[in-house]
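Structural features, examined
Listed below are the residues making up each chain.
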Amino acid sequence: MPESDSQVVLYVDLDGTLTRSDVSFESLILLLKSNLFYLALLPWWLCRGLAFLKAEIARRVDVPVQQLPLNREFWEYLQQQKAAGRRLVLISASNQRYVSAVGEQLAIFDAAIGSDDTDNLKSAGKLARIQQMSNGEEFDYAGNSSADLAVWSRARTAILVNCNPALANKLPANTTIETFDCHRDNARNLLKAMRPHQWLKNLLIFLPLLLAHEFSELRLLLQAGIGFLSFSLCASGVYLLNDLVDLNNDRLHASKCRRPFASGKLPLSLGVAAIPVILLAALLLALLLPASFTAILIFYFLLTTLYSLLLKKMLFVDVGVLALLYTLRIFAGAAAVGVPASYWLVAFSLCLFLGLAIVKRVAELVNRDDGENGKLGGRAYRPSQLELMTTVGMVANGLAVLVFMLYINAEETLQLYASPMLLWLICPLLVYLLWRIWHFARRGRLHDDPLLFAASDHISQGVVLLSAAIVWLAI
């Protein structure tokens, strides 16, 4: 670094520049997570100015700044600049409390300046503060958004970090520009955050149509397809909401820390904007189907939201809710095509998915590497409960097999199938499939949702295809 550069103060933005996240957004999410009724106070605080709003939130919420994802390339650059003797100042529109905490945590900045109750240090406000501190001397500035154009236009060097490269075209032609981490693909990361691979679970919507032997009816197949897409979009909206709410727990998790929001690859503001759009699309599709389907979809959304905010922290309640959510997909499929959901199917579904929900928790405990005393982050489970959970889960899956055996001899089954006795061949296949999942979970080899494991495991795929062939032969 030239000696002249070391004499020029480098001012560094926090949100989206030093870190890949936004402290103000995170504090707002944590505030509403702690008490949703704060939502009624936000407009009143905002009427007194954005700076006042941020200050009121900061008085009530602690943001774990040590978990904030840093822009690694830029962070290494800052360390090099500091080692060369350069003066670094952290300056942000986020509240002073959070900016000071980040400054203390990183211990690299000579000063940490943030917004107070009255002054919001953004755009022109930030430029005025920098000019006041620099006393007319040259300065460099690192930022990430269009709000930083006012500061860049007066800076000696404009450092663009983690932003759209097109912003450089809006700067004066004679501006010296440096760039870091300007390769964000928001569309791809948003799609990843929506978890389209989880849509496989919504294939349960087609099950009532299949078991009613009406799969050749194109009109009903189209209705089931619309229901599948509606449920999938609704689930994706809830996944986005869950990831925003569970941000800090995900950052402590071995694999969830790589999720788009937790890792900072996807802006929190984009997630907040995308959720209502995706949910509205799901509702509009639902309105094309019978009203009973729409009612089930709304109940599914409310229950999953309640699960994300509260129920997933309650011992055994969370797995019961998961089993119910899977079963709701079956009810939704029946409502979409106008066929009744068999009581046998409902009982089988509840027992099967209760066991699979428990096996997921068992796998998480076996694979755990986070949390105090081994307790799962954001969950109520501890290693001492592993044997109890295994017993309850295996009993639930055993009951699912028993329900299927009773279904084979039911009067309605004898009328529906030409050769119902062939269905007995499915029982050992079902037992083997469930045993395989539990075997992998107890040995730490199940690293994903058990349904997704079954969908990607070749042996499990063979078992499912063979079972489907037996059902076809029995019709």
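Quick note: structure is the one above.
All chains use their own residue numbering, which begins from 1 and follows the written sequence. Totals for whole chains, interfaces and linings use all residues, but because this is a predicted model, local features are given only for residues with pLDDT of at least 70 and pairs of side-chain atoms are given and counted only at 80 or more. Calculated side-chain values reflect all of the structure's heavy atoms, with hydrogen atoms and water omitted.

Observations concerning the overall build of the protein chain
In this text, helices come from DSSP runs of H or I with a minimum length of four residues, and strands from runs of E with a minimum of two, each type numbered from the N-terminal end. Helices and strands together make up the secondary structure of the protein chain, namely 22 helices and six strands. Within the protein chain, the fraction of its 475 residues that count as buried is 52%. Residue pairs in contact within the protein chain that sit at least 24 positions apart in sequence constitute 65% of those at least 6 positions apart. Accessible surface is estimated by sampling points in the Shrake-Rupley manner with a 1.4 Å probe; for residues, cover comes only from the protein chains shown. As presented, the protein chain carries roughly 22000 Å² of accessible surface, and 62% of it is formed by carbon and sulfur atoms. Positive charges come from Lys and Arg alone, negative charges from Asp and Glu alone, with His and the N- and C-terminal ends not counted. Throughout, a charge is located at the NZ atom of Lys, the CZ atom of Arg, the CG atom of Asp or the CD atom of Glu. Between the averaged position of the 41 positive side-chain charges in the protein chain and that of its 38 negative side-chain charges there is a distance of 3 Å. Classification of residues uses two cut-offs on accessible area relative to the type maximum, computed with a 1.4 Å probe and protein chains only: under 20% is buried, over 50% is exposed, and between them is partly exposed. Contacts are residue-level and defined by heavy atoms, with any inter-residue pair within 4.5 Å sufficient.

Some points on the pairing of strand E2 (residues 88–95)
Among the eight residues of E2, eight are classified as buried, and the element is accordingly described as predominantly covered. Across three bridges, the pairing between strand E1 (residues 9–12) and E2 is parallel. Along E2, the bridge assignment pairs Val12 with Leu90. Here the rule is simple: two strands pair whenever DSSP picks up at least two bridges between them.

Topic: the pattern of salt bridges
In the sections that follow, a salt bridge refers to a side-chain nitrogen of Lys or Arg positioned within 4 Å of a carboxyl oxygen of Asp or Glu. Within the structure shown, the criterion is met by 18 salt bridges. Its salt-bridge partner being Arg59, residue Asp117 comes within 2.5 Å of it at the nearest N-O pair. Taken together, the positions of Asp117 in the loop between strand E3 (111–115) and helix H7 (124–134) and Arg59 in helix H4 (residues 50–60) put the pair 58 residues apart, joining distant regions of the chain. Residue Arg59 is classed as partly exposed on the basis of its relative accessible area, which comes to 47%. Two residues, Asp457 and Arg436, come together in a salt bridge whose shortest N-O distance is 2.9 Å. Pair noted here: Asp457 is in the loop between helix H21 (450–456) and helix H22 (458–474) and Arg436 is in helix H20 (residues 426–442), with a separation of 21 residues, a long-range link. A residue is classified by how much of its surface remains accessible, and Arg436, at 11% relative accessible area, is buried. Beyond isolated ion pairs, a larger network of salt bridges with shared partners links Glu56, Arg59, Arg60 and Asp117.

As for the environment of Ile205
Along the chain, Ile205 falls in the loop between helix H9 (186–193) and helix H10 (207–211). The exposure class assigned to Ile205 is buried, which follows from its relative accessible area of 0%. Those residues in contact with Ile205, other than ones at most four positions away along the chain, are Ala224, Gly227, Phe228, Phe231, Arg329 and Gly333.

Looking at unusual backbone geometry
For Ser123, which is not a glycine, the phi torsion comes out positive at approximately 55°. Mapped onto the elements, Ser123 comes out in the loop between E3 and H7. By relative accessible area, which is 26% here, Ser123 ends up partly exposed.

Comments concerning H22
Expected helix span is computed as 1.5 Å times (number of residues minus one). Here H22 spans 24 Å end to end across 17 residues, near enough to the 24 Å set by a 1.5 Å rise per residue. Among the residues of H22, Ser460, Val463, Ser467, Ile470 and Ala474 are the ones counted as buried. Down the axis of H22, the smallest arc covering the buried residues is 80°, so these residues share one side. The outward face of H22, more than 90 degrees from its buried face, is lined by the exposed residues His458, Leu465, Trp472 and Leu473. In the core, the buried residues of H22 are packed alongside H20 and H21. Here the arc refers to the set of directions running from the helix axis out to each C-beta atom.

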